[in-house]
Amino acid sequence: MEQNPPRSRSIRRVRGLSHSEAAKRLRRDGPNVLPTQQPPPAWRLLAEQFVHFFAIMLWVASGLAVVAGMMELGIAIVLVVVINGLFAFAQEYRAERAAERLRDLLPKRATVRRDGTIREIDATELVVDDVVLLGPGDRVSADLEIVDSHSLQLDVSLLTGESDPEPVEEGETAYAGTFVVEGEATGVVRATGSETRLGEIAALTRARERPETPLHREIDRLVRIIAAVAVAVGGVFFAVSVALGTDPSVGILFAIGVTVALVPEGLLPSVTMSLAVGAKRLAADNALVRRLESVETLGSTTFICTDKTGTLTQNRMAVVEAWTPAGTAHIEGDGYDPTGTVEVGDETKPLLRELGTVVARCSTGDIERRDGEWVAHGDPMEAALVTFARRLDVDIQDQIQTDPEVKRFPFDPRRRRTSVLTQDQLLVMGAPEAVIERTRHEAGDVQTVVAEMAERGLRVLAVATRPANEVTADADLEAIETDLELVGVVGLEDPPRPGVAAAVTESKNASVRTAMITGDHPTTARAIAEEVGLVGDDGLVIDGDELPDDDQMLGALLDRDGVVVSRVSPEDKLLIAHALQDRGHVVAMTGDGVNDGPALQEADVGVAMGRSGTDVAREAADLVLLDDDFETIVNAIRQGRATFYNIKRFLTYHLTDNVAQLTPFVVWALAAGQFPLALGILQILALDIGTDLLPALALGSEPPAEDVLEQPLEAEHLIDETVLGRAFGVLGPAEATVEMTAFVVSLAAFGWVPGGPFPEQPELFAASGAAFTAVVVGQMANAFACRSTTHWPGELGWTSNRLLVGAVIVELLALLAFLFVGPIARILGQAPPPLEGGLVALLASPVLLVVDSIHKRWRARY
């Protein structure tokens, strides 16, 4: 690392800046933010809405209409493209800005010393000469001169590309954008924002393009399939019309009408809106989505790999039992309140106070009173250990002054120990199996105590000491941490979250398998897993060291519902994600540590902890839990599935109406042009944009059904047998039948008989108005029918989707305007229907609902 010139340590450096001085520098230098790439300008986003595949196809159709001499049709199609483009732009622009606001909500904090007091501030408030304290998992948010280092190791891959951590000593620079992998340090800010090395790089480097998501690939596939079908069918109709002797200009008219009828103009904005609504609902449920497409991916999740502490449990730890060779103590108290009670015999008190002193000295966390309540500052477990010491009346500050710290060896996931060397002693705390074996104590009795605590779900730590005169500070740690004197063990309780058991049951009902991936002792992990219903008596509990190296064997071992993997390393989590994905699972992986980043990126959905997680984990994740709660993950999966089904609802709705819009052209072609055309192209455009779009958007915001998690996962493609069967086999034919019946009845009312001369224009316009009315009335019922593939709309509640109710009301008003406002009706080529045809048209809603109900009952039976 780069060496800075030596500087004398001033009193201000020890105390840090004053609040007033920091505020003055913040005003002078500005916030500590990196230069960011500006989002695409609004004009570019708007322009993109007019050049995608669907839009280009409609532009071509408009040009053909103009060439064929149909100027009104050409203008109408242009209006369709413009209206659709403006709406899609509004949705995408809003979603993009909403995503930026959500990203801004992600906590990015820095621990500083100001006025001699340690506190957390927003990293954007860092100023030059601020004193910053670094710990494992922290992101370095400004360029720092390190003035005090304790085994500090930084991940500098962002700057150098090297994956191996680099040690940083006193006098060297820790650059913004790097992450603390191990150790602790104190640094002084030397540069912020754009003045940092990372800022200089960011100013010269363009952001990488995001890789294409599965949802984007599926939408692109869907668009191209529909477009190809629309163009092919349009071409067939053109060929048929010419073969029947129709003038080519009229043939083009029919071809354009068919193409326009099959193009789902509202598809892209509806998908965007559905994802944005899902993200907004998740944010209200304490889950921040970093990428909109992840909303849909959540719905496809089949396997959750979850942490234990803070996710399944409350992460509100407390020491409830302590054992020493002299006796056992039971501790009671309220959370982190230091005024609890300790039940202990007089002969045990001295050793118990020594136990409290060691765990407090080995901890960097603390407790503080905030808003009338004692809360943890830093790691909750370490805060609980400090609370334990305070309840024993241990004066930690006095201990530090009497026996000052010489060197600290922070927790290492490989050693599973923390050590502090003072002038008098070496203090060691860690996992029982990592400490007891290094003591002179007979292991039998203490291991029995550890096992009994673990079976009750307690997290157990062992504590030992060694005289400082037997230790050389620069010696190898393995040599230092030997020949220890056992002081005792502490048992910490971290009770399960209240709603976790129900959430675990929900995930099972949703066919989503769950595994607890934890660093805890296997007995402790099993106890919690059994308490929340994750595993039964025959559940698999396996130690990380016992996991097979082969991916196929690992996947086969873990591919079951209810499994606990204990004592795992971050590398194990990455292998587990790989192995489950190889077996076809869509994996959601939780994580909070700096080393969880690779696993979160590898998983299909990376889920980071918002409260306790590190910046590394949050930036690698697709979803950030603001409450760190497993129940929120299940809620997110529920919303993800609802979003997936909402997209399919829209497709079913649109394809059903496509059948009704296409039927007049099919009938005309089969009759060799001897049957009047029930709907014209302008009427189809009015249906697609004027009456069809709003209900489709309302379906995209349909709230999750109560049984959405109990429904089996459907095919991976948006268009499947269910969608095609309902649209082309049930709902579409029903709507088209009423449409053509209303048209024929209206013609008959004017005296027309098949094979006879076509009626005069006023009668033909009125009959066409009847067909148009039937389609719109059918759309209204179709919108409610598409809310569910299994339930009749009345079972869901007719007003439970208020947006849909409003959309249908607007649709009805639009129908009245299209029929009874003379200029609009004449442009569309229609008029109010005759009484007979109008009555038939009004049957479209009840007919469609009856047919839908019969089909759903038949499906339920067979």
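Residues numbered from 1 in each chain as written. Predicted model: local features only at pLDDT ≥ 70, side-chain atom pairs only at ≥ 80, totals over all residues. Heavy atoms only, no water.

Our next topic: the pattern of salt bridges. The full count for this structure, using the stated rule, is 30 salt bridges. Across the salt bridge formed by glutamate 321 and arginine 456, the nearest N and O atoms sit 2.3 Å from each other. You can see glutamate 321 sitting in strand β10 (residues 318-324) and its partner arginine 456 sitting in the loop between α16 (443-455) and β18 (459-467), a full 135 residues away along the chain. (Salt bridge = Lys/Arg side-chain N within 4 Å of Asp/Glu carboxyl O. Helix = DSSP H or I, 4+ residues; strand = E, 2+ residues; numbered from the N terminus.)

A few words on the confidence of the model for the chain. When the pLDDT values of the chain are averaged, the result is 82; 87% of them are 70 or greater. This stretch, residues 1-13, has a pLDDT under 50; its non-local contacts, to residues over four places away or in other chains, come to 37 contacts. (pLDDT = per-residue confidence, 0-100. Contact = heavy atoms within 4.5 Å.)

Moving on, we get to the nonpolar core. Ranked by size, the top nonpolar core spans 105 residues in total, and within it Met516, Leu534, Leu623, Phe630, Phe743 and Phe772 carry the most contacts. Those residues in contact with leucine 534, other than ones at most four positions away along the chain, are Leu312, Val504, Lys508, Thr514, Met516, Ala529, Gly562, Val563 and Val564. Ala322, Val359, Ile367 and Ile396 belong to the second largest nonpolar core, which has 32 residues in total. (Core = buried A, V, L, I, M, F, W, Y, C linked by side-chain atoms within 4.5 Å. Buried < 20%, exposed > 50% of the residue type's maximum accessible area, 1.4 Å probe, protein only.)

With that settled, consider the pairing of strand β7 (residues 179-191). Among the 13 residues of β7, 12 are classified as buried, and the element is accordingly described as predominantly covered. With four bridges joining them, strand β3 (residues 131-134) and β7 adopt antiparallel strand pairing. Along β7, the bridge assignment pairs valine 132 with glycine 187. Pairing of strand β4 (residues 143-155) with β7 involves 10 bridges; the strand directions are antiparallel. For histidine 150, the partnering residue across the bridge sits in β7 and is glutamate 184. (Pairing = 2+ DSSP bridges.)

Turning our attention to the side chain of asparagine 646. Inspection of the secondary structure assignment puts asparagine 646 in helix α24 (residues 630-670). Apart from the residues within four sequence positions on either side, asparagine 646 is in contact with Ser274, Leu699, Gly700, Ser701 and Glu702.

What the eight strands build is an open sheet, ordered β12-β11-β10-β19-β18-β17-β16-β15; its pairing is antiparallel. Across the chains shown, the open sheet's two edge strands, defined by having one partner strand only, are β12 (341-343) and β15 (405-412). Here the average twist between neighbouring strands, direction ignored, is 15 degrees. Set on the sheet, α16 makes contact with β10, β18 and β19 (485-493); between it and β19 the angle comes to about 10 degrees. (Axes fitted to C-alpha atoms, helices over the stretch in contact; angles between N-to-C directions.)

If you trace the backbone, aspartate 852 turns up in helix α33 (residues 844-861). Taking C-alpha positions, aspartate 852 is 8.5 Å from arginine 726, a pair spaced 126 residues apart along the chain. With residues near it in sequence (within four places) discarded, aspartate 852 still touches Arg726, Leu731, Ala785 and Pro793. Of the polar contacts made by the side chain of aspartate 852, one reaches the side chain of arginine 726; its length is 3.2 Å. (Polar contact = N/O pair within 3.5 Å; in protein donor to acceptor, adjacent residues only side chain to side chain.)

Let us now look at the sheet that holds strand β21 (residues 540-543). Taken together, eight strands build an open sheet; the order of strands is β8-β25-β24-β23-β9-β20-β22-β21 and the sheet is mixed. One side of each edge strand has no neighbouring strand; the edge strands of this open sheet are β8 (287-289) and β21. Strand after strand, the sheet turns through a mean of 20 degrees between neighbouring axes, direction not considered. Bridge analysis of strand β23 (residues 587-591) against strand β24 (residues 605-609) gives four bridges, and the strand direction is parallel. Note on β24: the bridge partner recorded for glycine 591 is alanine 608. The strands that α24 touches are β8, β9 (303-306), β20 (513-517), β23, β24 and β25 (623-625); relative to β9, the one it contacts most, it runs at about 160 degrees.

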